[in-house]
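Each chain, letter by letter, is given below.
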Amino acid sequence: MRSALVLLLLAALPAVAENQLQQLISDAIARGESHLRLPPGEMRVDSRVYVHGADGLTISGPGTTIVFTDPLDAGFMLDNCSRVTLRGFTVDCDPLPFTQGTIVSISEDRSEWEFEVHEGYPALSEPYLAPQAYVYDPATGRIRRGAPDIYPSSVEALSERRGRMRLDGRTPGVELVEVGDLIVLNIRDGAGIFMHLCSDLRLEGVTMLACPGMAFIGRYLSGDNVFRRLTVRPGPLPEGATQPRLMSAAGDALNIAYSARGPLIERCRFRAMGDDSINLHGPTFPVCAVEGSEIVLGRPYEGEPYERMVAAGDVLHGHRQGDFAIVGEGEIVRFERADGTEQWRERVQEAWPKVEVTRGSFFRVRLREALPIEAGDWVTIPATGTHGFVIRDCEF
């Protein structure tokens, strides 16, 4: 990579729905540039943007708003990147990845609701007949206290602007919902910025106004990752709307998991998202086989790279199946990938019945001493669970 800082100074791009941004980023990576400065104003992008294999690249955009025009193919995907910085730009969607309206009727048994979509928000085409919804208090514009997230059994369009949903009216908290309450149906399929197998990232001053899933999500990160002055909040009124947006990101604001080291999260401001403000966690591994001090662990997805983050000397916890009580702690001597057997795959399939386990990922682990665990029990490894994270001076 060039040692000199090279700035790409670009004239403002026309507001057309095409992926010029992808070309700019791909060219900057191919040329080994260290700084891509985005033009001020609005950049309309019609598909997901991929940042693959970048090393030492800064993408900055003070005064730049990136608007994704397909909510089913939106957001950034950072893959196998190192020392990449994203700074200063804003992300939004048009059309929005959610629609919203007002509840106009509730059946006596509370199992059937009808609602009308607010002007300026997406009509009830197929993607917006979503199987998740949220109820808001019209006096505060916030989720109604005590009301549950709604997972309707069906949602149908009576017209482009009027819909009906059916749900279990006995769900606790549903009795608190009133005619006149506001409702959001969101497309929860994607992310704002997805970071995969990356290290030493910096996200600073990035604002997320809307995205079809989690705003910032990281998986299998390593090194020192910093998330500073990130903002997740609702954007401006859509064209033709009179009601303010109720939602920002459709899922969590910041979700980091399966990572060898926890991030620094500092001076972030998150509100109005569809799920957690911050979610940091690690994986659980079902035990597929035990032979003395050697055990085999499984996961449901192919290619999960835990051998890259677990090292000799790391600690492993054994958990009893059923209540997950810790039954012992051991020291890892060796952790390596293994080819799966049909029996091991069946064990993993039992652990994740809603996932189709075609290949899975399997790991053979040698412990310093045997643990009182058996096939069917579970294991956790703190070294894969974002340990050492720091959160300070944040508001959620």
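Described below are features of the structure shown in this document. This is a predicted model, so every value here is computed, not measured.

### A short note on the overall build of the protein
Broken down by element type, the protein carries two helices and 33 strands. Its C-alpha atoms give the protein principal-axis dimensions of about 65 × 65 × 40 Å. Within the protein, the fraction of its 396 residues that count as buried is 52%. As displayed, the protein offers around 17600 Å² of accessible surface, 47% of which is attributable to carbon and sulfur atoms. Of the charged side chains in the protein, 40 are positive and 55 negative; the average position of the first set lies 6 Å away from that of the second.

### A few points about the sheet that holds strand β4 (residues 49-52)
Sheet strands pair by backbone hydrogen bonding; their relative direction is either parallel or antiparallel. Spatially, the six strands line up as an open sheet ordered β4-β7-β17-β20-β23-β26, and their pairing is parallel. Two strands close off the open sheet at either side, each with one partner strand: β4 and β26 (278-281). When the angles between neighbouring strand axes are averaged without regard to direction, this sheet yields 10°. As paired strands, β4 and strand β7 (residues 76-79) are joined by four bridges and run parallel to one another.

### Structural notes on the side chain of Asp 252
For Asp 252, the position within the fold is in the loop between β22 (231-232) and β23 (254-257). From its side chain, Asp 252 meets the backbone nitrogen of Asp 276 in a polar contact 2.9 Å long. Setting aside chain neighbours within four positions, we find Asp 252 in contact with Arg 188, Gly 213, Met 214, Ala 215, Asp 275, Asp 276 and Asn 279.

### As for the sheet that holds strand β25 (residues 269-270)
Spatially, the six strands line up as an open sheet ordered β3-β6-β9-β19-β22-β25, and their pairing is parallel. The open sheet terminates on both sides in strands that have one partner only, identified here as β3 (41-45) and β25. Relative to strand β9 (residues 90-93), strand β6 (residues 64-68) runs parallel, the two sharing four bridges. In the strand pairing of β9, Val 67 is matched with Asp 92.

### Section: the state of the cysteines
If you walk through the whole model with that rule in mind, you get zero disulfides. You can see Cys 198 has no disulfide; the closest cysteine sulfur is in Cys 81, sitting 4.5 Å from it. Owing to a relative accessible area of 1%, Cys 198 belongs among the buried residues under this scheme. Free cysteine: Cys 211, not disulfide-bonded; nearest cysteine sulfur from Cys 93 at 6.7 Å. Look at Cys 211 and you get buried, because its relative accessible area is 1%.

### Examining the pattern of salt bridges
By the definition in use, this model includes 34 salt bridges. Its salt-bridge partner being Arg 44, residue Asp 94 comes within 3.1 Å of it at the nearest N-O pair. In this pair, Asp 94 sits in the loop between β9 and β10 (98-106) while Arg 44 sits in strand β3, placing the two residues 50 residues apart along the sequence. We note a salt bridge from Glu 116 to Arg 162, for which the minimum N-O separation is 2.7 Å. Of this pair, Glu 116 sits in strand β11 (residues 112-117) while Arg 162 sits in strand β15 (residues 162-166), and the two are 46 residues apart along the sequence. Given the relative accessible area of 37%, Glu 116 is considered partly exposed. Under the relative-accessibility criterion, Arg 162 is labelled partly exposed at 26%. Residues joined by salt bridges that share partners form a network here, namely Glu 112, Glu 114, Glu 116, Glu 156, Arg 162, Arg 164 and Arg 166.

### Topic: the packing of aromatic side chains
Within a pair of aromatic rings, the relevant descriptors are the distance that separates the centres and the angle that separates the planes. Taken as a whole and judged by the stated rule, the model has 14 aromatic pairs. Between Phe 68 and Phe 76, the ring centres sit 5.9 Å apart and the planes meet at 90°, which makes this aromatic pair edge-to-face. The class for Phe 76 is buried, based on a relative accessible area of 4%. Geometrically, the ring pair formed by Tyr 258 and Tyr 306 is edge-to-face, given 6.2 Å between the ring centres and 70° between the ring planes. With Tyr 258 in the loop between β23 and β24 (264-266) and Tyr 306 in the loop between β28 (294-299) and β29 (315-319), this residue pair connects regions lying 48 residues apart in the sequence. For the pair Tyr 258 and Tyr 306, one class covers both residues: buried.

### Structural notes on the nonpolar core
Of all hydrophobic cores here, the largest spans 77 residues; its most connected members are Phe 76, Leu 78, Trp 113, Met 165, Ile 193, Met 195 and Phe 216. Excluding residues that lie within four positions of it along the chain, Leu 78 makes contacts with Val 51, Val 84, Leu 86, Ile 193, Phe 194, Met 195, His 196, Cys 198 and Leu 201. With 22 residues, the next largest nonpolar core counts Ile 295, Met 309, Leu 316 and Ile 332 among its residues.

### Side note on the side chain of Glu 204
You can see Glu 204 is positioned in strand β18 (residues 202-204). Residue contacts for Glu 204: discarding those within four places in its chain leaves Leu 86, Arg 87, Gly 88, Arg 228, Arg 229 and Leu 230.

Parameters at a glance
- Here the residue index of a chain counts from 1 through its sequence in written order.
- Only residues with pLDDT of at least 70 are given local features in this predicted model, and only at 80 or more are side-chain atom pairs given and counted; all residues enter the totals for whole chains, interfaces and linings.
- The side-chain values count all of the structure's non-hydrogen atoms but skip hydrogen atoms and water molecules.
- For helices the rule is a DSSP run of H or I covering at least 4 residues; for strands it is a run of E covering at least 2, with both sets numbered from the N terminus onward.
- Using a 1.4 Å probe on the protein chains alone, a residue whose accessible area is under 20% of its type maximum counts as buried, one over 50% counts as exposed, and one in between counts as partly exposed.
- Computed with the Shrake-Rupley method and a 1.4 Å probe, the accessible areas treat only the protein chains shown as cover for residues.
- Charge counting treats Lys and Arg as positive and Asp and Glu as negative, with His and both chain ends excluded.
- The atoms used to mark charge sites are NZ of Lys, CZ of Arg, CG of Asp and CD of Glu.
- By this definition, two strands are paired if DSSP reports at least two bridges between them.
- Orientation is described by axes fitted as lines to C-alpha atoms, over the contacting stretch for helices, and by angles from 0 to 180 degrees between their N-to-C directions.
- Distance and chemistry together define a polar contact, namely a pair of N or O atoms within 3.5 Å, with one atom able to donate a hydrogen and the other to accept it when in protein, and with adjacent residues in sequence counting only for side-chain atoms on both sides.
- Contact criterion: two residues are considered in contact whenever any of their non-hydrogen atoms come within 4.5 Å of each other.
- Throughout, disulfides are identified as pairs of cysteine sulfur atoms within 2.5 Å of each other.
- Think of a salt bridge as a Lys or Arg side-chain nitrogen and an Asp or Glu carboxyl oxygen that are within 4 Å of each other.
- Pairing of aromatic rings covers Phe, Tyr and Trp, the last counted by its six-membered ring, and requires centre-to-centre distances within 6.5 Å; plane angles under 30 degrees mean stacked, over 60 mean edge-to-face, and any other angle means tilted.
- Among buried residues, those of type Ala, Val, Leu, Ile, Met, Phe, Trp, Tyr and Cys that are joined through side-chain atoms within 4.5 Å constitute a nonpolar core.

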